Amino acid sequence: MRGRDRAETLRHWQRVRALLARVPESPETLALGVLARAQMIINEALLGQVDEAATLFAEGTGFAERLGHPESRVMLLCAYGFVRIQAGAIEEGFTHYSQAVRLADQSGNNVLRSLTRALLAPTVATRGGLREALAIGEEMETLCGGDPDAGAQLLGVSPYGMTLVYRGWVLALLGHLAEAAQVLERAIALAQVRREPELLITAHMYSASWCGFAGDAARALQHARRAVELAEAATAKITGLGSAVALGRAHLLNEQWPDAAATLEQALAEMRARQAALHVEAIVLADLAQAVIALGDCGRARVLADEAVSTAQAQHTYLEVHALAARAHVVRLSDGAQAAAAIDADLQQAMAVVERTEARGYTPLIHVERAELARLLGDEAAHQRELREAHRLFVEMGATGHAERVGRQLSAPSAEPEEQ
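Just so we're clear, the structure is a prediction, and the values are computed from it rather than from any experiment. (Residues numbered from 1 in each chain as written. Predicted model: local features only at pLDDT ≥ 70, side-chain atom pairs only at ≥ 80, totals over all residues. Heavy atoms only, no water.)

1. Description of the overall build of the protein chain
Counting its regular elements, the protein chain contains 21 helices and zero strands. A compact globule built from 420 residues should have a C-alpha radius of gyration of about 22 Å, and the protein chain, at 23 Å, falls within 12% of that. In terms of overall dimensions, the protein chain has a C-alpha envelope of 85 × 40 × 35 Å along the principal axes. Here the protein chain, with 420 residues, has 59% of them falling under the buried criterion. Restricting the contact set of the protein chain to residue pairs at least 6 apart, pairs at least 24 apart contribute 61%. (Helix = DSSP H or I, 4+ residues; strand = E, 2+ residues; numbered from the N terminus. Rg over C-alpha atoms; globule rule 2.2 N^0.38 Å. Buried < 20%, exposed > 50% of the residue type's maximum accessible area, 1.4 Å probe, protein only. Contact = heavy atoms within 4.5 Å.)

2. A few points about the pattern of salt bridges
Applying the stated criterion across every chain yields a total of 33 salt bridges. When the shortest N-O distance is used, the salt bridge between Arg 6 and Glu 198 registers 2.8 Å. Residue Arg 6 is found in helix 1 (residues 6–20), and its partner Glu 198 is found in helix 11 (residues 197–214); the two are separated by 192 residues along the sequence. Taken individually, Arg 6 and Glu 198 each receive the classification buried, so the pair is uniform in this respect. Ionic pairing is found between Arg 117 and Asp 105, a salt bridge with its closest N-O pair at 3.0 Å. Placement of the pair is Arg 117 in helix 6 (residues 110–126) and Asp 105 in helix 5 (residues 90–107), with a sequence separation of twelve residues. The class of Arg 117 is buried, set by a relative accessible area of 8%. Owing to a relative accessible area of 31%, Asp 105 belongs among the partly exposed residues under this scheme. Overlapping salt bridges, with partners in common, bring together Arg 17, Arg 37, Glu 52 and Glu 59 in one network. (Salt bridge = Lys/Arg side-chain N within 4 Å of Asp/Glu carboxyl O.)

3. A short note on the environment of Ile 136
You can see Ile 136 is positioned in helix 7 (residues 130–144). Ile 136 sits in the buried class, given a relative accessible area of 8%. Considered as a pair, Ile 136 and Ala 250 are 114 residues apart in the sequence and their alpha carbons are 30 Å apart. Other than its neighbours up to four places away in sequence, Ile 136 contacts Arg 117, Leu 120, Ala 121 and Val 124.

4. Some thoughts on the environment of Leu 32
Relative to the helices and strands, Leu 32 resides in helix 2 (residues 27–46). With twelve residues separating them in the primary sequence, Leu 32 and Leu 20 have C-alpha atoms 8.3 Å apart. In contact with Leu 32, not counting residues within four places along its chain, are Trp 13, Val 16 and Leu 20.

5. Overview of helix 6
Between the first and last C-alpha of helix 6 there are 25 Å, a value that for 17 residues agrees with the 24 Å anticipated at 1.5 Å per step. Where helix 6 terminates, the next one or two residues include Gly 128, which has phi positive at roughly 105 degrees. (Expected span 1.5 Å × (residues − 1).)

6. Here we look at the packing of aromatic side chains
Aromatic ring pairs are defined here through the distance separating the ring centres and the angle between the ring planes. Applying the stated criterion to the full structure yields six aromatic pairs. An aromatic cluster is defined as three or more aromatic residues linked by ring pairs; in this entry it consists of Tyr 166, Trp 169, Tyr 206 and Tyr 318. (Phe/Tyr/Trp six-rings, centres within 6.5 Å; stacked < 30°, edge-to-face > 60°.)

7. Here we look at the side chain of His 204
With respect to the helices, strands and loops of the structure, His 204 is situated in helix 11. For His 204, a relative accessible area of 9% translates into the label buried. Within the structure, His 204 has its side chain in polar contact with the side chain of His 223 (distance 3.0 Å). Beyond its immediate chain neighbours, meaning those up to four positions away, His 204 contacts Ile 188, His 223, Arg 226, Ala 227 and Leu 230. (Polar contact = N/O pair within 3.5 Å; in protein donor to acceptor, adjacent residues only side chain to side chain.)

8. With respect to the packing of helix 19 (residues 363–376) against helix 20 (residues 380–397)
Direction vectors running N to C along helix 19 and helix 20 enclose 165 degrees, while the axes themselves pass 8 Å from each other. It follows that helix 19 is roughly antiparallel to helix 20 by the angle criterion. Seen along the crossing, helix 19 lies across helix 20 with a hand that is left-handed. Between helix 19 and helix 20, the contacting residues are Thr 363, Pro 364, Leu 365, His 367, Val 368, Arg 370, Ala 371, Glu 372, Ala 374 and Arg 375 on the first element and Ala 382, His 383, Glu 386, Leu 387, Glu 389, Ala 390, Leu 393, Phe 394 and Met 397 on the second. (Axes fitted to C-alpha atoms, helices over the stretch in contact; angles between N-to-C directions. Parallel < 35°, antiparallel > 145°, perpendicular 65-115°, else oblique. Left-handed = near helix turned anticlockwise from the far one by under 90°.)

9. Observations concerning the side chain of Thr 263
As for its placement among the helices and strands, Thr 263 is situated in helix 14 (residues 257–274). For Thr 263, a relative accessible area of 18% translates into the label buried. Beyond its immediate sequence surroundings of up to four residues, Thr 263 is in contact with Ala 244, Leu 247, Gly 248 and His 251.

10. A short note on unusual backbone geometry
The phi dihedral of Arg 195 is positive, around 55 degrees, even though this residue is not glycine. Here Arg 195 is to be found in the loop between helix 10 (177–194) and helix 11. The phi dihedral of Glu 358 is positive, around 70 degrees, even though this residue is not glycine.

11. So, the packing of helix 18 (residues 340–357) against helix 19
Between helix 18 and helix 19, whose axes approach to 10 Å, the crossing angle comes to 165 degrees. Here helix 18 lies roughly antiparallel to helix 19, going by the angle between them. Handedness of the crossing formed by helix 18 with helix 19: left-handed. Contacts from Ala 340, Ile 343, Asp 344, Leu 347, Gln 348, Ala 350, Met 351 and Val 354 of helix 18 reach helix 19 at Thr 363, Ile 366, His 367, Glu 369, Arg 370 and Leu 373. Considered class by class, the residues forming the contact of helix 18 with helix 19 number eight nonpolar, three polar and three charged. (Nonpolar A, V, L, I, M, F, W, Y, C, P; charged D, E, K, R; others polar.)

12. Quick look at the nonpolar core
Of all hydrophobic cores here, the largest spans 155 residues; its most connected members are Ile 41, Val 170, Leu 177, Trp 210 and Tyr 362. Of the residues forming this core, the biggest block, eleven residues, is contributed by helix 11. The residues touching Val 170, leaving out its near neighbours within four places in the chain, are Ala 125, Leu 130, Ala 133 and Leu 134. (Core = buried A, V, L, I, M, F, W, Y, C linked by side-chain atoms within 4.5 Å.)

Distances and angles like these do not, on their own, reveal function.
Put into structure tokens, the structure is as follows:
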């Protein structure tokens with residue numbers, strides 16, 4: 001269903017639920033009752049309404065148990081898993097998705113098997129299993145035969161298209177920027193052909209994130225603004241949160257500090273009010289901290305940076321590396337050389353997370369922070385060494401924007417060559 005009106009879809013399934021309450025129970029009504037609740041959960045969540053989700057999940061689970069067909073729970077688990085992940089309960093959502101995959105496999109239905117993997121893969125990536133997420137995505141594509149329509153009616157958006165977007169995101173995290181760009185471009189083209197606004201918004205959002213790793217500030221704004229523009233017309237309000245976060249981060253990349261702070265502040269408030277997009281709360285907190293420190297509010301920036309780290313660690317996500325690097329940046333600017341030990345500890349821990357998750361897209365950014373710490377301590381040799389390593393890695397990754405910026409630092413008159 002292309003360009004699905006989520007509000008109208010929700011009303012349809014609400015009517016189905018009401019009508020089923022008036023007819024005798026049968027295997028057919030039980031199966032339809034489970035599906036109705038699953039569809040209500042997912043559409044309410046995308047509209048920013050989650051108050052009824054737990055009740056609907058409990059009702060649907062009861063119907064599925066009476067029906068006695070385990071596969072009838074697949075969409076119910078997927079829908080509620082999505083709600084829990086959006087609320088920041090990533091492990092709980094992962095458990096629901098994993099169970100959905102097992103039940104789908106037992107059913108032998110390849111559409112369900114591919115759809116569940118499309119949802120599981122990005123959750124596995126968020127938990128730090130980047131290579132595993134790529135493998136799950138490849139399984140998904142094999143099961144659906146590369147058919148963009150497979151499962152689209154159940155999900156309201158092409159699972160294959162979403163898998164392309166998330167593969168591009170994971171490849172960027174791994175530092176494979178050229179391959180990631182190609183995949184994201186394919187996702188955008190597919191969304192345009194299929195006229196699926198939710199897919200197109202998501203593809204632009206993650207393309208903006210790709211620009212962050214590449215250091216392409218101008219294109220980051222273009223993608224983020226396009227996502228915001230599309231989200232304003234979309235019925236799935238949750239896409240508006242994601243696009244607002246993308247725009248705030250693009251402003252940060254462009255050093256537009258007031259715009260970045262205002263946009264991220266508003267997005268964070270709405271995320272918490274709606275209990276949505278909280279699986280990326282750590283990255284929003286970290287980026288907001290960097291915008292706030294640039295505006296001179298050291299105290300609040302420290303609080304935000306600490307909260308970013310604690311949130312990422314509590315959720316056990318790869319975002320810990322982003323939060324740690326951001327806190328090192330904030331502490332360096334707020335406390336200076338006296339906090340050198342704490343800054344170094346955060347950067348070492350960030351590199352350890354990179355090694356554990358293989359999120360090597362962050363490695364050169366950590367070297368840049370190490371270079372700044374060395375400069376702060378007056379160690380010009382270490383400053384130059386770290387900058388050269390960052391530059392080498394940026395060039396290797398194809399992060400041309402960052403490579404050019406670091407290259408200018410290396411060629412600046414004050415940058416004396418390291419003594420051999």
